[in-house]
Amino acid sequence: MSQTELSDKPFAIPKQAVVEAFRKVKANQGGPGVDGCTIEEYESDLRNRLYVTWNRMSSGSYFPPPVKAVAVPKPSGGGVRMLGVPTVADRVAQTVVAMELEKVVEPKFHPSSYGYRPGRSALDAVEACRARCFKFSWVLDCDIAGFFDNVPHDLIVKAVEANTDLKWVVLYVKRWLKAPIQREDGTLEQRDCGTPQGSAISPLLANLFLHYAFDRWMAREFPGLPFERYCDDIVVHCVSEKQTRYVWERIATRLGEVGLRLHPDKTKVVCAPRALRERLGCR
């Protein structure tokens, strides 16, 4: 890229970042968005499509299209979960921003945060939980009600602004948060909260939000109690039932302060040794 080309744009976004973003999008696969364009169709005119994305993002004129609403069955068989599927081009643009933001925030994240992070997996979280259950007899299994539908936009933006001075990163995060949802019948649903599951940048924004809303708060308020967080799924280890219920109350209050709530039916207090014996078939 020439220096002249860079100087003509208000935002210095390397073209190579867009190329790398497409590689990640292709590796993750996924269906088409509202424009019906598949990854294969996008790739058939790849050079021109990537240039258009880079040019619009660099000039500040990139505006995301609506996000396609797709209903998928929940693994537990309890109804459906609504995913928001961006277009392939929008996933590329989101990944450009996600890669830039991740470089800054990833080293800051709590070691007990496992979801959607490089080199970490759900199995790592399960193993950490299993090991701690032999040391702590009680567990608080937290379920945040409708996290991805209800997380406040202003607090997400505040968290992003606290970690980057790149105006284009903040600009496009704001635009993606406001992008409408397109339902199956074609109607558009405007959003003033939430970040759709299924988008390329939502997992990073969710982790960044909960880094401040939960991880740092937990480390400050209950430094002796370990936990595992896989995005919005959280397990906290406690030493007694009384303590577990107290921690439940404190976490519920904390989440209320940031516009969220614990699901009253799905959040549970569990006696870990008993649960482990039952799982292993012991009596």
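S.K.: What exactly am I supposed to notice about the pattern of salt bridges here?
M.R.: If you walk through the whole model with that rule in mind, you get twelve salt bridges. Between R250 and E221 there is a salt bridge; the shortest N-O distance is 2.8 Å. Residue R250 is found in helix α11 (residues 241-257), and its partner E221 is found in helix α10 (residues 202-221); the two are separated by 29 residues along the sequence. Taking relative accessible area as the criterion, E221 reaches 33% and is therefore assigned partly exposed. The shortest N-O distance in the salt bridge between E257 and R254 comes to 3.5 Å. With E257 and R254 both in helix α11, this residue pair falls three residues apart, about one helical turn. Classification of E257 as exposed rests on a relative accessible area of 56%. Judged by relative accessible area, R254 falls into the buried class, the value being 16%. Each of R220, E221 and R250 takes part in one network of salt bridges that share partners.

S.K.: How should I be thinking about the packing of helix α5 (residues 88-105) against α10 in this particular structure?
M.R.: Helices that pack against each other are described as a pair by the angle of their axes relative to one another and the distance between those axes. Closest axis-to-axis distance for the α5/α10 pair is 10 Å, and the angle between their directions is 30 degrees. Relative to α10, α5 is oriented roughly parallel. By crossing handedness, the relation of α5 to α10 is classed as left-handed. Residues A98, L101, E102 and V105 of α5 form the contact with α10, whose participating residues are L204, L205 and L208. A breakdown of the residues in the contact of α5 with α10 according to their chemical character gives six nonpolar, no polar and one charged.

Rules behind the numbers
Residues numbered from 1 in each chain as written. Predicted model: local features only at pLDDT ≥ 70, side-chain atom pairs only at ≥ 80, totals over all residues. Heavy atoms only, no water. Salt bridge = Lys/Arg side-chain N within 4 Å of Asp/Glu carboxyl O. Helix = DSSP H or I, 4+ residues; strand = E, 2+ residues; numbered from the N terminus. Buried < 20%, exposed > 50% of the residue type's maximum accessible area, 1.4 Å probe, protein only. Axes fitted to C-alpha atoms, helices over the stretch in contact; angles between N-to-C directions. Parallel < 35°, antiparallel > 145°, perpendicular 65-115°, else oblique. Left-handed = near helix turned anticlockwise from the far one by under 90°. Contact = heavy atoms within 4.5 Å. Nonpolar A, V, L, I, M, F, W, Y, C, P; charged D, E, K, R; others polar.

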